[in-house]
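Each chain, written out:
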Amino acid sequence: MSIALIIPDRKLDDLQQRLQQALPDTAIEIWPELEDPAAVEFAVVWKQPHGCLNGLVNLEAIQCFGAGVDSILSDPTLPDLPVSRIVDPALTDAMVGYLDGIVNYYRLQLDVFSRQQQQSVWRPKSPRKLSSVTVLGLGELGGAVAEHFHKAGYQVAGWARSGKHLQNVQCYAGDAQLQQAVAAADVVICLLPLTPATENRLNQDFFQALKPGAIFINVARGAIVDETALLAALEQGPLAAACLDVFRREPLPGNDPLWQHPAILITPHVSAVTNVSTVVSQIADNYRRAQQGRPLLNPVDRLRGY
């Protein structure tokens, strides 16, 4: 029996060692150096190469090494097996902390002062009057983010594909209510899952529904946003600024026009990074559940895409 770690381009020694300590009787192997692919019964994956699971003939379950599963489900050869994702309080805290910092960055006009510094301009400005936040996507992360900004004193709205009921959040649902959900927002935060229904969903019509001076933050997936429409909304209105932590291609190519736009803040997909020390127990628990034929923690609905 063994577990395969299929997480390309990432140093996995720490994860391997911690899982080995949690599961001393199970071999923890790093793909593609698998001693016996037929012995693999559980796979921990992140952006796995398409088709790499085909040779694992005794695979019983798949564990995503993160909260988002779009890269897993996009594999046309994905076996028809249970898939689970990470739901980690530390990941949620990291996301909330990142977004709190970004919203305050704009509230304090630090984007403006950064540009003024480059021009040696001394021009004091009062903080922006940001009073309303809309969160797109009201799952584990979105719900926590909405609650945080309510406690911080903002008027908070939220939107999801299906109806949600969150205390202190004005909830909207379905395509017909998307523009209504964002129309009054000073800040719009995207935490939607990437699915066929959400790809390019934030398009020209979406951006034109925002109020003049709105700020857009994307910490979900790059493919949800029509980048041409985003750039147009920054050039012609109504957007005042955008913070992007995720992109269609990562790393973002050096010649991409997003790098050079003065109203865009770019961070390299750091809003919420999986912490090995806090997720090992969840992975180990799901492995034991798979061995015992029990349902996995945090299962993924493959039809819905999350």
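Refer to the structure presented above.
Each value, and the rule that gives it
- Residues numbered from 1 in each chain as written.
- Predicted model: local features only at pLDDT ≥ 70, side-chain atom pairs only at ≥ 80, totals over all residues.
- Heavy atoms only, no water.
- Pairing = 2+ DSSP bridges.
- Helix = DSSP H or I, 4+ residues; strand = E, 2+ residues; numbered from the N terminus.
- Contact = heavy atoms within 4.5 Å.
- Axes fitted to C-alpha atoms, helices over the stretch in contact; angles between N-to-C directions.
- Core = buried A, V, L, I, M, F, W, Y, C linked by side-chain atoms within 4.5 Å.
- Buried < 20%, exposed > 50% of the residue type's maximum accessible area, 1.4 Å probe, protein only.

Looking at the sheet that holds strand β1 (residues 2-6)
Strand pairing in a sheet takes place through backbone hydrogen bonds and is either antiparallel or parallel in direction.
Item 1. An order of β2-β1-β3-β4-β5 is seen for the five strands of this open sheet, with the pairing classed as parallel. Every interior strand has two partners, whereas the edge strands, β2 (27-30) and β5 (83-84), have only one.
Item 2. Note that β1 and β2 share four bridges and pair parallel. Its bridge partner being in β2, L5 is matched across the sheet by I30.
Item 3. Running over the sheet, helix α1 (residues 13-22) touches β1 and β2 and is turned about 170 degrees from β2.
Item 4. Most of the contacts of helix α9 (residues 276-292) go to strand β3 (residues 40-45), to which it runs at about 150 degrees, and overall it touches β1, β3, β4 (61-64) and β5.

Regarding the nonpolar core
Item 1. Of all hydrophobic cores here, the largest spans 40 residues; its most connected members are L15, L53, F65 and I283.
Item 2. Broken down by secondary-structure element, the contributors of at least two residues to this core are β1, α1, β3, β4 and α9.
Item 3. The leading source of residues in this core is α9, at seven residues.
Item 4. Within the second largest apolar cluster, 33 residues are counted, among which are Y172, L202, F206 and L258.

Observations regarding the environment of W46
Item 1. Structurally, W46 is set in the loop between β3 and β4.
Item 2. Separated by 41 residues in sequence, W46 and L5 have C-alpha atoms that sit 8.8 Å apart.
Item 3. Apart from residues no more than four positions distant in its own chain, W46 is found in contact with I6, I7, P8, R10, C64, F65, G66, G68 and R221.

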